Amino acid sequence: MVEHINPIAETASETSAAVDASVANSSTKVNLLGMSEAKLIAFFETLGEPKFRAVQVLKWIHQLGADNFEDMTNVSKSLRAKLNLCAEIRAPEVIKQLDSADGTRKFLIRVSGGNVVETVYIPEGDRGTLCVSSQVGCSLDCSFCATGKQGFNRDLTAAEIIGQVWIAAKSFGQLAVNGPRAVTNVVMMGMGEPLLNFDNVVDSMNLMMHDNAYGISKRRVTLSTSGVVPQLDRLSQYTDACLAISLHAPNDELRNELVPINRKYPIAMLLDSAQRYIADMPDNHRKITIEYTLIDQVNDRPHHAHELAELLRDVPVKINLIPFNPFNLSNYKRVSNNALRKFQDILIEAGYIATVRTTRGDDIDAACGQLAGTVNDITKRSERHRARFEETQPIKIIG
């Protein structure tokens, strides 16, 4: 795995300041849940402790599910007492767990500021995929996504991101990497644009893949981006997770409407950056996953499929077709089965691996594009979307 290039020395001063603040104010403690190994080493050095304490605590938190220092039996009593004074292991609060008839599980998770984010677990055969959120709401405004209609509040902290994995693993009794796993795959495809919360997302993904934490294969952790090209250009320096591109259109004119960030970073620029990312990987035979949400009469016509096939001709990709999942505040409609099959057939005939993402958890609003949560929107975007949506609705005549 590509190591995070932030040296321990750079984190030591930040960690030391946090520890000093927590000691001065006993009501504020350093949350160890989201700390990378490098940051934990720096933290323990500020306490005058050896580096190996970082590995011990990593294993207790992420492999054994500990949230109490007194449970850490191979840590000295004196250090446990010290940790109780200045540190904590605090996951975000689960306010509701919803289980779908198809086995999908959605967690409603409260974070600070009265906000609620959503995390979804999707079982399929011997694989269990966890869809993790990175922001409260989303600062982008893709027209087919419920999250974007909720507006934006803030980035999630590393503890709030990795805390979603911690919560899901514990909910299935997954307490050690050597035992049977419920969570085998993680996708950064929940609420938010991961690359706009770069540092916290990278630290969290590297914890997911760390041998002393969750030990998930780098081929089973995927970051999905709508196309924040400058951050994507940095990504290979910090992690070697898999990459998915939320494309959803075969040309810039249509993508400008569906994914507005395309106006700043158009398709050619995005695909060039994505190819540079996988070229930098030690195993440079990877493919980029192209996510394409099919919307009835918008981007699902045969000519769109042919155009997409030509666009990706020289790009190493596999294509994941996603039927649009309806939600409030949207007038878009789900693609028909016939149009979906025809679109897929065209891509397969052109030589692509083109799969259809099965809609899961729609009875609990957990399907792709439906995650909304509760966002105290600081952008006022949600109010504008609601007003525009109501203007388009037919007037109901009573009586």
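Everything quoted here is computed from the prediction, not taken from an experiment. Per chain, the residues get numbers from 1 upward, laid out in the order the sequence is written. Under the rules for a predicted model, residues below a pLDDT of 70 receive no local features and side-chain atom pairs below 80 are neither given nor counted, while totals for whole chains, interfaces and linings still include all residues. With hydrogens and water set aside, each side-chain value is computed from the structure's full complement of heavy atoms.

Right, let's talk about the environment of Cys131 for a bit. In this description a helix means any DSSP run of H or I spanning at least four residues, a strand means any run of E spanning at least two, and both kinds are numbered starting from the N terminus. Within the secondary structure layout, Cys131 lies in strand β6 (residues 127-131). For every residue, the accessible area obtained with a 1.4 Å probe (protein chains only) is divided by the maximum for its type, and the residue is called buried under 20%, exposed over 50%, and partly exposed between those limits. For Cys131, a relative accessible area of 11% corresponds to the buried category. Once the C-alpha coordinates of Cys131 and Met189 are considered, the two residues, 58 residues apart in sequence, prove to be 5.7 Å apart. In contact with Cys131, other than residues within four places in its own chain, are Thr119, Val120, Val187, Met189 and Gly190. Pairs of residues are marked as contacts when any of their non-hydrogen atoms sit within 4.5 Å.

So, on to the nonpolar core. With 108 residues, the main nonpolar core has Leu32, Phe43 and Ile319 as its most contacted residues. Ignoring any residue separated from it by four or fewer positions in sequence, one finds Leu32 in contact with Leu40, Phe43, Val57, Ile61, Phe69, Ala87 and Glu88. Nine residue types can take part in a nonpolar core, namely buried Ala, Val, Leu, Ile, Met, Phe, Trp, Tyr and Cys, and a core is a set of them joined through side-chain atoms within 4.5 Å.

With respect to the secondary-structure elements, Glu253 resides in helix α9 (residues 252-258). Each C-alpha atom of the pair Glu253 and Pro266 lies 9.5 Å from the other, and the pair is 13 residues apart in sequence.

The next subject is the pattern of salt bridges. If charged atoms from side chains of opposite charge come close, those side chains can pair. Should a side-chain nitrogen of Lys or Arg be within 4 Å of a carboxyl oxygen of Asp or Glu, the pair is scored as a salt bridge. Under the definition given, this model contains 14 salt bridges. Close ionic contact of Lys39 with Asp203 constitutes a salt bridge, the shortest N to O distance being 2.8 Å. Residue Lys39 is found in helix α2 (residues 37-46), and its partner Asp203 is found in helix α7 (residues 198-209); the two are separated by 164 residues along the sequence. According to the relative accessible area criterion, Lys39 is partly exposed, its value standing at 25%. Glu160 is paired through a salt bridge with Arg154; the nearest N and O atoms lie 2.8 Å apart. Of the two residues, Glu160 and Arg154, both sit in the buried class. What emerges from the salt-bridge pattern is a single network uniting Glu49, Arg53 and Lys82.

With that out of the way, let us pick up the sheet that holds strand β3 (residues 93-99). A pair of strands counts as paired when DSSP detects no fewer than two bridges linking them. The 10 strands are arranged β3-β4-β5-β6-β9-β10-β11-β12-β13-β14 in an open sheet whose pairing can be described as mixed. In this open sheet, the two edge strands, each paired with only one partner strand, are β3 and β14 (354-356). Mean inter-strand twist for the sheet, computed between neighbouring axes without regard to direction, equals 20°. Across three bridges, β6 lies against strand β9 (residues 185-188) in parallel orientation. By the bridge assignment, Thr129 is partnered in β9 with Asn185. To obtain an axis, a line is fitted to C-alpha atoms, over the contacting stretch when the element is a helix, and the angle between two such axes runs from 0 to 180 degrees between their N-to-C directions.

This part covers helix α12 (residues 337-349). Helix span, expected: 1.5 Å multiplied by one less than the number of residues in the helix. The end-to-end C-alpha distance of α12 is 18 Å, a good match for the 18 Å that 13 residues give at a rise of 1.5 Å each. The inward-facing, buried residues of α12 abut β12 (288-294), α11 (302-311), β13 (317-323) and β14. Looking one or two places after α12, you find Gly351, whose phi comes out positive at around 100°.

Moving on, we get to the side chain of Ser36. Structurally, the position occupied by Ser36 is in the loop between β1 (30-31) and α2. We classify Ser36 as buried; its relative accessible area is 14%. Setting aside chain neighbours within four positions, we find Ser36 in contact with Asp203 and Leu207.

Phi at His248 takes a positive value of approximately 70°, unusual for a residue other than glycine. Position of His248 relative to the elements: it lies in the loop between β11 (242-246) and α9. With a phi close to 65°, Gln297 is a non-glycine residue in the positive phi region.

So, about the confidence of the model for the protein chain. Across the chain, each position has a pLDDT score giving the predictor's confidence in that residue, from 0 to 100. When the pLDDT values of the protein chain are averaged, the result is 86; 81% of them are 70 or greater. A low-confidence stretch, residues 19-26 stays under pLDDT 50, and its non-local contacts, those more than four residues away or across chains, total nine contacts.

As a further point, take the packing of α11 against α12. Two numbers describe how α11 lies on α12: the axes approach to 9 Å, and their chain directions differ by 25°. Between α11 and α12, the interaxial angle falls into the category roughly parallel. Two packed elements cross with a definite hand, and for α11 against α12 that hand is right-handed. Contact with α11, carried on its side by Pro302, His304, Ala305, His306, Leu308 and Ala309, involves Lys342, Phe343, Ile346 and Leu347 of α12 and no other residues of that element. Just so you know the grouping, Ala, Val, Leu, Ile, Met, Phe, Trp, Tyr, Cys and Pro go in nonpolar, Asp, Glu, Lys and Arg go in charged, and all remaining residues, Gly too, go in polar. Within the contact of α11 with α12, the residues separate by chemical class into seven nonpolar, two polar and one charged. What sets the label is the angle itself: under 35 degrees gives roughly parallel, over 145 gives roughly antiparallel, 65 to 115 gives roughly perpendicular, and the rest give oblique. Left-handed is the label given to a crossing in which the near helix is rotated counterclockwise from the far helix by less than a right angle, and right-handed is the label when the rotation is clockwise.

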